[in-house]
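A closer look at the structure
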Amino acid sequence: MGHFVPHTDRDIERMLADIGLSSLDELFEVVPEALRLAGGLDLPAGMPEPDVLAEMDRLAALNRFGSDLICFAGAGAYDHEVPSATKRLTFRSEFVTAYTPYQPEVAQGVLQALFEYQSLISRISGLPIANASLYDGASAAVEGVNLAVAAKKRPTVWLSGGLHPHWRATLATFAAGTGHRLVDVPLRNGVTDWSAMDPAAAGAPVEAPAALVVASPNYLGAYEDLKAARHVADAHDALLIAGFDPVSSGLLAPPGDLGADVVVGEGQPFGTPLSFGGPYLGLFACRSEQVRRLPGRLVGRTVDTEGRPAYVTTLRAREQDIRREKASSNVCTNQTLIAVACMIQLSWLGTAGLREMALRCARGTRYAREALTAIPGVELLTDAPTLREFALRTPVPATVVVERMADEGFLAGVPVGLDGGVVTDSGDALLVAVTERRTKAEIDNYVSCFEKVVR
Amino acid sequence: MSSVTPTAAAPGGRATSAPLLGRDHEPTIFEFSSEGRRSFSFRTTGLPEWTAEELVPAGYLRPEPVALTEVSERDLVAHVTRLTHRQYSVDLGAYPLGSCTMKYNPKLCDDAASLPGLAAVHPATPAALAQGWLELLWSLGDSLCEVTGMHACTLQPPAGAAGELTGLLLMRAWHESRGERRTKIIIPDSAHGTNPASVTLGGYQTVTVPSDERGLVDLEALRARLDSDVAGIMLTNPNTLGLFEEDIAAIAEAVHEVGGLLYYDGANLNAILGVTRPGDMGFDIVHMNLHKTFAVPHGGGGPGAGPVAVSERLAEFLPGPVPARGDDGTFAWRTPSRSIGRVHTWYGNALALARAYSYILANGGDGLRRVAEGAVLNANWLRHRLRGTYDLPYDRPNMHEFVASTTTLKKDRGMRALDVGKRLLEKGFHAPTVYFPLIVDEALMIEPTETESPETLGALADALIAIAGDEPGEGAAAPRTTPVGRVDEALAARVLLPTWDAVAAHDAS
Ligand SMILES: Cc1ncc(COP(=O)(O)O)c(C=O)c1O
């Protein structure tokens, strides 16, 4: 048979004979003749392995990356170090080629790794419950909103204007089905201006929200005041959903400590390469009182028949296979392998390493920001303090800067705009990120090219 | 009996020699922690060494570093490696988990998706500098349209359930564009749980249609449920019993008649590759589970990829951006004119998409048809071998999987589907899917896939037949050769310990 079908012609003959058939076509007699595909699929013939790899190589060579296009882009996808230990361990085929742990007795490896992952995410988020992963940052935000609306039985949710524009877009897409009303809260000076929602300022009575959603640092890199957001949430008996940057959590107080009820985030920075945007990792944590509304899988520790510690997916009655149309979420397959990578990476970093990583990002960012803003005509988009990312106004539009900087060997950043206080994914400003991988020499070179191309 | 009697040989897909290192439990990573120990190392940058206090405004700085673990790289590697020794996987042995298509995942796809020219590319790289990625995604979408008989495709949905919800939102947008607000979606009683869960999130009510004695959608019951409030129907074909819905043309006609759309749950696409296509059957929207049909490994529960392909009239509603090819052969991002919007932060699980593309290249059109032939041959052969030992509630030609049951064995000797699964673990195989679909009592849903050899299948059949002859009570004691014995699931739910901190607090109390 084909490439990965082991059967010989003799195997097929014998097996067909065993079941009383004489040809493979007879296997498909249950398919009405009119529906059978005559002439086969219109696809090229199968290729030998080296030819496939050569074709994939050809495609890969058409992309620019790495030392040929040094990365100063962020926007939720960061060029962090993925150490050999994380790479090697994550690619262990026992993790890679297992299914969801439905049979816990032969899935303790994945289950324990997920338990350790949940433990680590709980600590960095400052909340007691973390699930076993969601698809990406945007899907975590969507699930957070669904949880809050179910908890508060109110359809309105306030979204900070500083959210990732693609999270906002994804939230809007799914709100078409759930009927949630998403209300934008504008930024002022780079941070969310909750006072815009005062009935007096809004000029009309406002509908009480089920939740406030705010990211800190926000898309422009600025710190948000989560304690203030908590007060606003309390005034409306709403939940506070905080988007967080797990790397910055090495330096910043955890959102759970500052009053967030739900913490969501993008886990790509821990152990996952840029990957053209996926597979990434949706981080999701919440308070204990919300655990029965938790989306996705949750691993719990228990014992086996001999009293030894063992792990199993638990509180399964929330999930789609049991609850069906009343489930808390439709998630089945999640991003387990990426969560395992995250667990390995966070263990490799450890207590001191996470802090050091955040510190190094912040140092590079400050160094680059100071040098860039010394260029005539280059200014910060907002003067709010930032940690690991910042937005610049430049004398020429951002798309032009990106194009010209590519010729100099840099991915200069990501174009960004502000529309009525709400961040957009296109515009004349440039969002720049600096990770721990960027050296002083690279930044100096970037800055001098930048100075040249914005003239 | 069968002329294929492979028990004498050592079947490649049977994992009885797995290296399970004793029966001690593996401590958590937190227990290996020792103050001051470290693994990390960072690049030499030459940057000024500003302190945290100089970098972060006072009110925001965390007073103490977040406590993680402090382990050496050697201990971390040993811990994680030992965890892998406590894990079953396709690379270890056969995994006949029904509905999950646990086929062997060719290693070449791992290498293809690891190429730095794919894995190290930032998603915001301008299209002009990422032509390889756009061409790859465009070509994959094109191939998937050919396989499904559809017109256009989005690669954004990161899993099957996300594809379902995307499809339902496409239905909603389509009906709304025609000024209609329909409220109901029909699904069969044999449907996977993600279907009704997605229906709710799509803002629709679920209406269930029963299966008839053949195990197929009851056409009369379906007709009775169809009216102008029905937005559409979700089906998988072959269905979750592994049976081909022979009346699909009549179903499509009846649903289209009332203005509804047909959604194809592609979880079972492996059975029909190159044989028949959802588009030819009358479906309007199709999701695929690339992590089933196209050999993207499951990663212990993900990541997968759940692209959605649609017929021409729905193409302009697809999530954007989608890769498009210009007349000059270059590729650009394009957002369809009436797009429902994004369903993923970026473009979907891109590296999983690259794996699937390399799998399609390796197989080609002819190879994909052979995949279906092998899958259907293996499943039918296995059903024949189990006849007379297990109940076969729908004993008719099946496609890539079939559902057996222990109803009689339970009545006679107390043997449950769960017990059979646990006993199979002892015999070096993964268990089948148990208790799904819900319409079969004591269900064992078995999907051998095309990549298992006749020898492995024979050994699997022998193991299942031997288990049926077990002494009463043996099943309840299983599994005894696995890293842990049966796990106390009730305790896990009663005393919730989802983190190491919760364990520590519980132990202290
Ligand atoms: C029939 C069926 N439909 C839908 C799904 C959902 O797919 P996913 O797990 O990728 O979300 C599955 C897989 O578990 C399935 O078997």
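Note that the structure is a prediction, hence the values are computed from the model and not measured.

Further remarks concern the overall build of chain B. When you go through chain B residue by residue, the secondary structure sums to 17 helices and 12 strands. Scaling as 2.2 N^0.38, a compact globule of 509 residues should have a C-alpha radius of gyration of about 23 Å, and chain B matches this with 25 Å. In chain B, which comprises 509 residues, the share counted as buried stands at 66%. Here the analysis covers contacts within chain B between residues at least 6 apart in sequence; of these, 70% occur between residues at least 24 apart. Here chain B carries 43 positive and 61 negative side-chain charges, and the mean point of each set is 2 Å from the other.

A few words now on the layout of surface pockets. Of the voids in this model, the largest pocket is the one considered here, and its volume is about 900 Å³. Secondary structure elements with two or more residues in the lining of the largest pocket: strand S1 (70-71), helix H3 (84-90) and helix H11 (336-373) of chain A together with helix H3 (107-114), helix H4 (116-119) and helix H11 (350-386) of chain B. By volume, the second largest pocket amounts to about 770 Å³. At the level of elements, strand S12 (309-313) and helix H10 (320-323) of chain A together with helix H13 (417-426), strand S11 (433-434) and helix H16 (489-494) of chain B are the ones that each hand at least two residues to the lining of the second largest pocket. Top contributing element to the lining of the second largest pocket by residue count: H10(A), with three residues. For the lining of the second largest pocket, the residue count by class is 17 nonpolar, eight polar and eight charged.

This part is about the packing of H3(B) against H11(B). Residues and elements named next belong to chain B. Their axes nearest at 8 Å, the elements H3 and H11 cross at an angle of 130°. Between H3 and H11, the angle is such that the two are oblique. H3 and H11 meet at a crossing whose hand is right-handed. From H3, Leu 108, Cys 109, Asp 110, Ala 112 and Ala 113 reach across to H11, where they touch Leu 351, Arg 355, Ser 358, Tyr 359 and Ala 362.

For the rest of this paragraph, the subject is the packing of aromatic side chains. One pass over the structure, following the stated rule, counts 19 aromatic pairs over all chains. Between Phe276(A) and Trp133(B), the ring centres sit 5.0 Å apart and the planes meet at 10°, which makes this aromatic pair stacked. Taken together, the positions of Phe276(A) in the loop between strand S9 (262-266) and strand S10 (282-286) and Trp133(B) in helix H5 (residues 131-148) put the pair across two chains. Ring centres of Trp333(B) and Tyr347(B) lie 4.2 Å apart, and the angle between their planes is 15°; this geometry places the pair in the stacked category. One end of the pair, Trp333(B), is in strand S9 (residues 331-334); the other, Tyr347(B), is in the loop between S9 and H11, and 14 residues separate them in sequence. By relative accessible area, which is 9% here, Tyr347(B) ends up buried. An aromatic cluster is defined as three or more aromatic residues linked by ring pairs; in this entry it consists of Phe276(A), Trp133(B), Trp333(B), Trp346(B) and Tyr347(B). Taking the ring centre of Trp50(B) as reference, the NZ or CZ of Arg366(A) above it sits at 4.3 Å.

To find leftover empty space, one rolls a probe the size of a water molecule over the atoms. All names here are of chain A. In this structure the tally under the stated criterion is nine cavities of 30 Å³ or more. Within this model, the largest cavity holds a volume of roughly 300 Å³. A breakdown of the residues in the lining of the largest cavity according to their chemical character gives nine nonpolar, seven polar and four charged. Of the domains in this structure, domain 2 (66-80 + 351-454) and domain 3 (84-344) are the two that each give at least three residues to the lining of the largest cavity.

The immediate surroundings of the ligand are formed by 15 residues, with Thr333(A), Ser99(B), Asp265(B), His291(B) and Lys292(B) found nearest. Here Lys292(B) contributes a side-chain N or O atom positioned 3.2 Å from an oxygen atom of the ligand. Look at the ligand: alone it shows 390 Å² of surface, and the protein chains cover 99% of it. Here the shell around the ligand is built from residues that sort into five nonpolar, seven polar and three charged.

Further remarks concern helix H1 (residues 9-18) of chain A. Taken together, the buried positions of H1(A) are occupied by Asp11(A), Ile12(A), Met15(A) and Leu16(A). Buried residues in H1(A), looked at end-on, bunch into an arc of 125°, giving them a common side. Those residues of H1(A) that are exposed and aimed more than 90 degrees away from the buried face are Asp9(A), Arg10(A), Glu13(A) and Ala17(A). Along its buried surface, H1(A) packs onto H11 and helix H14 (454-468) of chain B. Downstream of H1(A) by one or two residues, Gly20(A) has phi in the positive range, about 80°.

Attention now goes to the pairing of strand S8 (residues 322-325) of chain B. Residue and element names in this part refer to chain B. In the sheet, S8 pairs with S9 via four bridges, with the strands oriented antiparallel. Its bridge partner being in S9, Val 322 is matched across the sheet by Arg 334. Taking the residues between adjacent antiparallel strands as the criterion, S8 and S9 are bridged by five residues, where Gly 329 takes a positive phi near 85°.

A few words on the packing of helix H12 (residues 398-407) of chain A against helix H13 (residues 440-453) of chain A. Pairs of packed helices are described in terms of their axes, by the angle between the two and the distance that separates them. All names here are of chain A. It is at 10 Å that the axes of H12 and H13 come closest, and there the two elements cross at 125°. Judged on the interaxial angle alone, H13 and H12 are oblique. Crossing geometry of H12 relative to H13 is assigned as right-handed. The segment H12 lies against H13, with Val 401, Arg 404 and Met 405 engaging Tyr 446, Cys 449, Phe 450 and Val 453. For the contact of H12 with H13, the residue count by class is six nonpolar, no polar and one charged.

The partner chain B presents 204 residues to the 184 residues of chain A that form the contact. Counting the surface lost from both chain A and chain B, the interface buries some 16700 Å², and carbon and sulfur atoms represent 65% of this. Our count for the chain A to chain B interface comes out at five salt bridges. Across the pair Glu105(A) and Lys422(B) runs a salt bridge, and its minimum N-O distance is 2.8 Å.

Quick look at the pattern of salt bridges now. Tallied over the entire structure, the rule returns 59 salt bridges over all chains. Where Glu370(A) meets Arg366(A), a salt bridge forms, and the shortest distance between an N and an O atom there is 3.0 Å. Here the residue Glu370(A) and the residue Arg366(A) both occupy positions in helix H11, the gap between them amounting to four residues, near one helical turn. In this structure, the salt-bridge partner of Asp280(B) is Arg277(B), at a minimum N-O distance of 3.0 Å. Take Arg277(B): its relative accessible area is 14%, and that puts it in the buried class. Salt bridges linked by common partners bring Asp79(A), Glu81(A), Arg437(A), Arg438(A), Glu442(A) and Arg43(B) together as one network.

In terms of domain boundaries, chain A breaks down into domain 1 (9-56), domain 2 (66-80 + 351-454) and domain 3 (84-344). On a C-alpha basis, the centres of domain 1 of chain A and domain 2 of chain A stand 53 Å from each other.

We now examine the sheet that holds strand S5 (residues 261-266) of chain B. All names here are of chain B. Strands sit in the order S1-S7-S6-S5-S4-S2-S3 across an open sheet of seven strands; the sheet is mixed. Single-partner strands in this sheet number two, and they are strand S1 (152-154) and strand S3 (205-209). On average, adjacent strands in this sheet sit at an angle of 25° to one another, irrespective of strand direction. Inspection of the sheet shows strand S4 (residues 230-235) paired to S5 by four bridges, in the parallel sense. Its bridge partner lying in S5, Gly 232 is registered against Leu 261. Its contacts with the sheet place helix H7 (residues 194-201) against strand S2 (184-188), S3, S4 and S5, and it is angled at close to 175° to S2.

So, how was this worked out
Residues numbered from 1 in each chain as written. Chains lettered and ligands numbered in written order. Predicted model: local features only at pLDDT ≥ 70, side-chain atom pairs only at ≥ 80, totals over all residues. Heavy atoms only, no water. Helix = DSSP H or I, 4+ residues; strand = E, 2+ residues; numbered from the N terminus. Rg over C-alpha atoms; globule rule 2.2 N^0.38 Å. Buried < 20%, exposed > 50% of the residue type's maximum accessible area, 1.4 Å probe, protein only. Contact = heavy atoms within 4.5 Å. Lys, Arg positive; Asp, Glu negative; His and termini not counted. Charge placed at Lys NZ, Arg CZ, Asp CG, Glu CD. 1 Å grid on protein atoms, 1.4 Å probe; cavity = no way out; pocket = protein on both sides within 12 Å on 5 of 7 lines; lining within 4 Å. Points joined across faces, edges and corners; volume = space filled by probe spheres on them. Nonpolar A, V, L, I, M, F, W, Y, C, P; charged D, E, K, R; others polar. Axes fitted to C-alpha atoms, helices over the stretch in contact; angles between N-to-C directions. Parallel < 35°, antiparallel > 145°, perpendicular 65-115°, else oblique. Left-handed = near helix turned anticlockwise from the far one by under 90°. Phe/Tyr/Trp six-rings, centres within 6.5 Å; stacked < 30°, edge-to-face > 60°. Lys NZ or Arg CZ within 6 Å of the ring centre and 35° of its normal. Domains from an automatic or database assignment. Near = heavy atom within 4 Å. Polar contact = N/O pair within 3.5 Å; in protein donor to acceptor, adjacent residues only side chain to side chain. Areas by Shrake-Rupley, 256 points an atom, 1.4 Å probe, with all protein chains shown as cover. Arc of directions from axis to C-beta. Pairing = 2+ DSSP bridges. Buried area = accessible area lost by both parts, 1.4 Å probe. Salt bridge = Lys/Arg side-chain N within 4 Å of Asp/Glu carboxyl O.

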